[in-house]
Amino acid sequence: MSDVVVDNHAESLVANLIYQVNGVLPKDISLHHSLVNDLLMDSIELIDLLMRLEEIGVAIHESEITSELTVGDIVTHVASAH
């Protein structure tokens, strides 16, 4: 994760998107969680999340989409884009 300061709005937005995609409650999501390993997102859910992010102007480069991608990484992208 980069040095961008995480704002609460970005964190809340990402947690709610994850909840909409795979049902994990926002209160149970932390920045260090891996989307694949910790939140158990499958490929369909991951694609759904990435499409929802693109709809709000956040694009994540293909090379960053691995099993190591964390909630914090996504939050950083959202915070940087807005």
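Before reading further, recall that the structure is shown in the block above.
In short, a report on the structure. (Residues numbered from 1 in each chain as written. Predicted model: local features only at pLDDT ≥ 70, side-chain atom pairs only at ≥ 80, totals over all residues. Heavy atoms only, no water.)

What describes two packed helices is the angle between their axes and the distance between those same axes. Running from N to C, helix α1 (residues 8-22) and helix α3 (residues 71-81) cross one another at 125 degrees; their axes reach a closest spacing of 9 Å. Looking at the two axes, α1 sits oblique to α3. Here α1 runs over α3; the crossing is right-handed. Within the contact between the two elements, α1 uses Ala10, Glu11, Leu13, Val14 and Ile18 and α3 uses Val71, Ile74, Val75, Val78 and Ala79. Counted by class, the contact of α1 with α3 contains nine nonpolar, no polar and one charged residues. (Axes fitted to C-alpha atoms, helices over the stretch in contact; angles between N-to-C directions. Helix = DSSP H or I, 4+ residues; strand = E, 2+ residues; numbered from the N terminus. Parallel < 35°, antiparallel > 145°, perpendicular 65-115°, else oblique. Left-handed = near helix turned anticlockwise from the far one by under 90°. Contact = heavy atoms within 4.5 Å. Nonpolar A, V, L, I, M, F, W, Y, C, P; charged D, E, K, R; others polar.)

Right, let's talk about the pattern of salt bridges for a bit. Scanning the model with the defined rule gives two salt bridges in all. For Lys27, the salt bridge is made with Asp28, and the minimal N-O distance between the two is 3.3 Å. Since its relative accessible area comes to 40%, Asp28 is described here as partly exposed. Ionic pairing is found between Asp48 and Arg52, a salt bridge with its closest N-O pair at 2.9 Å. (Salt bridge = Lys/Arg side-chain N within 4 Å of Asp/Glu carboxyl O. Buried < 20%, exposed > 50% of the residue type's maximum accessible area, 1.4 Å probe, protein only.)

Next up on the list: helix α2 (residues 43-55). Across its 13 residues, α2 extends 18 Å between first and last C-alpha, which sits within 8% of the 18 Å expected from 1.5 Å per residue. Structurally, α2 contributes buried residues whose contacts are with α1 and α3. Where α2 begins, the side chain of Asp42 points an oxygen toward the backbone nitrogen of Ile44, at a separation of 3.1 Å. Just beyond α2, the residue with positive phi is Gly57, at close to 85 degrees. (Expected span 1.5 Å × (residues − 1). Polar contact = N/O pair within 3.5 Å; in protein donor to acceptor, adjacent residues only side chain to side chain.)

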